[in-house]
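A look at the structure
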Amino acid sequence: MKNIIEILDSGTVEEKIKNLEFLSSTNNIEIIQKIISKLDDVDIKVRGEAFSALVLNENNISDLLVNNLKSQNKNIRGYTALVIANRNDTNAISEIINLLDDQSSMVKACALGALGFLNAKEAKEAIYDCLSDSNLEVRKSALQAIIDLGYSLSESEIKELSKQQDSELKRLLVRIRKESGPKGI
């Protein structure tokens, strides 16, 4: 175990990835916490492998994941929300909703993605509040969550958001308009 932690701390990218590939079934709390810490690794491949190891872990690691939603590290907070969503852990929805007040726009965007994926109907008001966030990526993530949850926007909300010169935002608004517009006979 000490060797695994040592490799995850200071091994090469290849060594870290090789070890992470075999750790998706571990129930060792210290190793799981070390895997979670790799969500902030400098190498994107290591972060991705850590993400996969956590999503594929069939042990009950929910409490550890939820505790990391309060990490000092924004990458760990954001990516852990996405891990929880990919594990379909609906028990963590209220904790993920709390991330919508985070200082980091990246964390908010991840939380919105997680809430949409988890079909978190109880997050409706908080998601709509994010439509007025100062960060464009957060607003786009809020729109995607609204689409995922099957909600709609008023014509005035659509018009206000349409003022942004962003092609992805406009694409999302077309989808929301199509899905919330008048239905045929």
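Scope of this entry: the structure provided in the associated data block. These figures come from a predicted structure and were not determined experimentally.

Turning our attention to the pattern of salt bridges. Applying the stated criterion across every chain yields a total of 12 salt bridges. Ionic pairing is found between lysine 140 and aspartate 166, a salt bridge with its closest N-O pair at 3.3 Å. With lysine 140 in helix α10 (residues 136–149) and aspartate 166 in the loop between α11 (155–161) and α12 (167–180), this residue pair connects regions lying 26 residues apart in the sequence. Residue lysine 140 shares its accessibility class with aspartate 166, and that shared class is buried. Note that lysine 140 and glutamate 168 form a salt bridge whose closest N and O atoms lie 3.2 Å from each other. Placement of lysine 140 in helix α10 and of glutamate 168 in helix α12 is noted, with a sequence separation of 28 residues between them. The class for lysine 140 is buried, based on a relative accessible area of 6%. What you see here is one network of salt bridges that share partners, running through Glu137, Lys140, Asp166, Glu168 and Arg171.

The subject of this paragraph is the packing of aromatic side chains. With the rule as written, the count across this model stands at one aromatic pair. For the cation-ring pair, lysine 124 lies above tyrosine 151, with the distance from its terminal atom to the ring centre recorded as 4.6 Å.

What follows is about the packing of helix α1 (residues 2–10) against helix α3 (residues 29–37). Between α1 and α3, the least distance of the axes is 10 Å, while the angle of their chain directions is 10 degrees. As far as their axial angle goes, α3 and α1 are roughly parallel. Contacts between α1 and α3 pair Ile4, Ile5, Leu8 and Asp9 from the former with Glu30, Ile31 and Lys34 from the latter. When grouped by side-chain class, the residues that make up the contact of α1 with α3 number four nonpolar, no polar and three charged.

Conventions we followed
Residues numbered from 1 in each chain as written. Predicted model: local features only at pLDDT ≥ 70, side-chain atom pairs only at ≥ 80, totals over all residues. Heavy atoms only, no water. Salt bridge = Lys/Arg side-chain N within 4 Å of Asp/Glu carboxyl O. Helix = DSSP H or I, 4+ residues; strand = E, 2+ residues; numbered from the N terminus. Buried < 20%, exposed > 50% of the residue type's maximum accessible area, 1.4 Å probe, protein only. Phe/Tyr/Trp six-rings, centres within 6.5 Å; stacked < 30°, edge-to-face > 60°. Lys NZ or Arg CZ within 6 Å of the ring centre and 35° of its normal. Axes fitted to C-alpha atoms, helices over the stretch in contact; angles between N-to-C directions. Parallel < 35°, antiparallel > 145°, perpendicular 65-115°, else oblique. Contact = heavy atoms within 4.5 Å. Nonpolar A, V, L, I, M, F, W, Y, C, P; charged D, E, K, R; others polar.

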